[in-house]
Amino acid sequence: MNSDNEPLFSAKNLKLLKEPLGSSNPITVQVLGICSALAVTVKLKPSIVMAISVMAVLAVSNVVISLLRKRIPPRIRIIVQLVVIATMVILVDEILKAFAYEISKQLSVFVGLIITNCIIMGRLEAFAMGNKPWPSLLDGLGNAAGYGLILIIVAFFRELLGSGTILDYQVIPNSFYEFGYVNNGLMILPPMALIVVGIIIWIQRSRNKDLVENR
Amino acid sequence: MKQFSNTYIFIFSMVMVLIVAVLLSFVAMQLGPRQEMNVQNERKQDILRSVGKAEKLKEAEDRIAYIDEEFRTYISDSYVVNYEGERVDADAFAITLRIRDEVSEAPEDRLYPVFTYTDEQDEVMYIVPVYGKGLWGPIWGYVSFHADMNTINGAVFDHKGETPGLGAEINTDWFQEAFRGKTIFDEKGAFKSIRVVKGGADPDDPHGVDAISGGTITSKGLEAMLKNCLSGYINHFKMQGNLTYGMNHSI
């Protein structure tokens with residue numbers, strides 16, 4: 001794999017893994033994959049499963065496309081990418097239905113919609129088509145982790161403020177409710193996911209000025 | 001960029017599709033039985049919940065075994081009736097599994113499954129499945145009746161993708177609790193079904209429950225579902241329930 005004897009975790013390769021978590025995060029910086037981020041983040045548990053599913057799909061698809069990259073005819077490359085992604089997604093969906101039925105019900109169509117998640121097509125086309133399998137794997141893991149990180153942060157706040165629970169365990173004590181505290185029903189609705197993502201983008205840009213567009 | 005011949009492209013696509021097809025069929029066949037079991041298990045669980053059983057599900061170590069055990073213990077019998085109320089030879093559970101297709105037929109042609117529940121005190125209840133349309137997709141549920149086949153003991157509903165906080169509330173306790181003790185026939189024995197009343201039902205109304213504010217279309221869909229599915233049981237319920245119905249009134 002590494003004919004040029006580059007160490008497996010060279011600085012360049014580590015960057016592939018780390019950058020998508022921060023300065024090139026697929027959701028907050030590239031603003032890709034927003035729709036599933038809105039849909040599955042009401043509760044933390046489905047978000048974690050969604051993050052893992054996307055990670056599996058993206059990492060494996062990236063490696064497969066990277067292995068085939070010299071043999072894929074450019075004229076049908078998008079179709080080939082889609083077939084690889086769709087196959088992976090169906091596999092994940094089937095496995096969830098068999099072994100995590102409750103969660104697969106909660107995620108419902110969104111597992112199937114991983115196929116259309118722009119992050120995955122984007123990474124295959126932009127990275128795996130022109131790079132070796134190992135960096136492609138890292139790139140896939142990194143980007144999926146960046147996506148999953150935002151999903152989990154958003155879901156954490158939405159579940160905490162919207163339902164008063166974390167992973168279905170009640171964390172806001174009953175005494176709060178007796179004093180008149182109520183769960184914020186708005187947090188459960190999709191618009192709040194956008195607002196939470198917006199706040200994350202705001203915090204990230206105020207800490208990292210490089211991300212702010214110059215006018 | 002390297003050029004590929006058309007023949008190469010054709011062969012490449014064919015081989016790719018073939019590999020994918022074989023892989024996916026293999027996985028689907030391997031996992032099929034397990035998935036089927038999950039679906040069946042969920043139906044059993046819902047049937048039990050409509051009579052207030054399977055309450056220890058969260059603590060159960062092996063949920064599938066637990067549900068199976070509860071189902072065997074409490075669901076003493078199941079049978080299928082036709083529109084006229086006569087028993088027909090069919091598997092009630094199998095029809096419940098394909099209730100979506102069953103409901104799409106004309107009421108006269110449908111088969112109507114009934115599950116009989118018997119508890120430790122020999123109290124008997126009857127559970128029937130219902131299936132209909134909400135705002136965004138299907139909604140379904142199970143309604144359990146006391147032995148008079150008129151008074152509702154409990155109801156559970158679920159949905160595929162109703163709006164969270166609005167229509168999706170049909171699967172919450174507060175909504176389902178309201179069905180308890182309601183009746184589907186009036187004193188004269190006329191079928192009334194259950195109305196889902198916008199703005200709140202009169203608490204004394206024996207055939208009405210509160211609708212969900214903001215979830216009007218789901219509420220209406222639920223009302224239509226109950227009317228559509230329960231009306232097919234009228235003949236059977238009257239025949240079967242008449243005994244107790246008549247006794248109550250002859251005193």
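Look a little higher up for the structure.
Residues numbered from 1 in each chain as written. Chains lettered and ligands numbered in written order. Predicted model: local features only at pLDDT ≥ 70, side-chain atom pairs only at ≥ 80, totals over all residues. Heavy atoms only, no water.

Caption draft 1: How the structure looks around the overall build of chain A. Scanning chain A for helices and strands turns up ten helices and two strands. Listed by position from the N terminus, the elements making up chain A come as α-α-α-α-α-α-α-α-β-β-α-α. Its C-alpha atoms give chain A principal-axis dimensions of roughly 65 × 45 × 30 Å. Sorting the 215 residues of chain A into buried and exposed places 46% on the buried side. Partitioning the intrachain contacts of chain A with sequence separation of at least 6 by distance along the chain shows that 75% fall at a separation of at least 24. Counting every atom, chain A has about 10800 Å² of accessible surface; 68% of that belongs to carbon and sulfur. Chain A carries 19 positive and 13 negative side-chain charges, and their two centres are separated by 7 Å. (Helix = DSSP H or I, 4+ residues; strand = E, 2+ residues; numbered from the N terminus. Buried < 20%, exposed > 50% of the residue type's maximum accessible area, 1.4 Å probe, protein only. Contact = heavy atoms within 4.5 Å. Areas by Shrake-Rupley, 256 points an atom, 1.4 Å probe, with all protein chains shown as cover. Lys, Arg positive; Asp, Glu negative; His and termini not counted. Charge placed at Lys NZ, Arg CZ, Asp CG, Glu CD.)

Caption draft 2: Quick peek at the packing of helix 3 (residues 44-68) of chain A against helix 7 (residues 118-126) of chain A. Residues and elements named next belong to chain A. Put simply, helix 3 and helix 7 touch, their axes get as near as 10 Å, and they point 20° apart. On the basis of the axis angle, helix 3 is roughly parallel to helix 7. Helix 7 is crossed by helix 3, and the crossing has right-handed handedness. Counted together, V54, V57, L58, S61, N62 and I65 of helix 3 and I119, I120, R123 and L124 of helix 7 form the full contact between these two elements. For the contact of helix 3 with helix 7, the residue count by class is seven nonpolar, two polar and one charged. (Axes fitted to C-alpha atoms, helices over the stretch in contact; angles between N-to-C directions. Parallel < 35°, antiparallel > 145°, perpendicular 65-115°, else oblique. Left-handed = near helix turned anticlockwise from the far one by under 90°. Nonpolar A, V, L, I, M, F, W, Y, C, P; charged D, E, K, R; others polar.)

Caption draft 3: The arrangement of the interface of chain A and chain B in detail. On the chain B side, the residues contacting the 21 residues of chain A number 22 residues. Both sides of the chain A and chain B interface together cover about 2200 Å² of buried area, and 71% of this is carbon and sulfur. Applying the counting rule to chain A against chain B returns one salt bridge. In this structure, E42 of chain B and K105 of chain A form a salt bridge, with 2.4 Å as the shortest nitrogen-oxygen distance. (Buried area = accessible area lost by both parts, 1.4 Å probe. Salt bridge = Lys/Arg side-chain N within 4 Å of Asp/Glu carboxyl O.)

Caption draft 4: Molecular detail of the sheet that holds strand 1 (residues 75-81) of chain B. Residues and elements named next belong to chain B. The antiparallel open sheet is built from six strands, whose spatial order is 2-1-3-4-5-6. Two strands lie at the open edges of the sheet, namely strand 2 (87-88) and strand 6 (152-159), each paired on one side alone. Bridge count for strand 3 (residues 112-118) against strand 4 (residues 124-133) is four bridges, and the pairing is antiparallel. Across the sheet, the residue bridging to T116 is Y126, located in strand 4. Each of strand 3, strand 4, strand 5 (138-145) and strand 6 is contacted by helix 6 (residues 216-231), which is oriented at about 125° to strand 4, the strand it contacts most. (Pairing = 2+ DSSP bridges.)

Caption draft 5: Focus on helix 2 (residues 63-74) of chain B. All names here are of chain B. Taking 1.5 Å per residue, twelve residues should reach 16 Å; helix 2 reaches 16 Å between its end C-alpha atoms and fits that length. Those residues of helix 2 that sit buried are Y66, I67, E70, F71 and Y74. Seen from one end, helix 2 has its buried residues packed into an arc of 130°, which puts them on one side. Residues of helix 2 that are buried make contact with helix 1 (6-50), strand 1, helix 3 (92-97) and strand 3. (Expected span 1.5 Å × (residues − 1). Arc of directions from axis to C-beta.)

Caption draft 6: Region of the structure containing a negative patch on the surface. On the surface, a cluster of negative charge is contributed by E84, E86, D101, E105, E108 and D109 of chain B. Topologically, E84 of chain B is positioned in the loop between strand 1 and strand 2. (Patch = residues over 30% accessible without salt bridge, like charges linked within 9 Å, V, L, I, M, F, W, Y side chains within 5 Å.)

Caption draft 7: The arrangement of the pattern of salt bridges in detail. Residues and elements named next belong to chain B. For the structure on display, the rule yields twelve salt bridges over all chains. Residue D205 pairs with R195 through a salt bridge whose shortest N-O separation is 3.2 Å. Of this pair, D205 sits in the loop between strand 7 (195-197) and strand 8 (208-210) while R195 sits in strand 7; the two residues are ten residues apart in sequence, bridging distant segments of the chain. According to the relative accessible area criterion, D205 is buried, its value standing at 14%.

The values are spatial; any link to function lies outside them.
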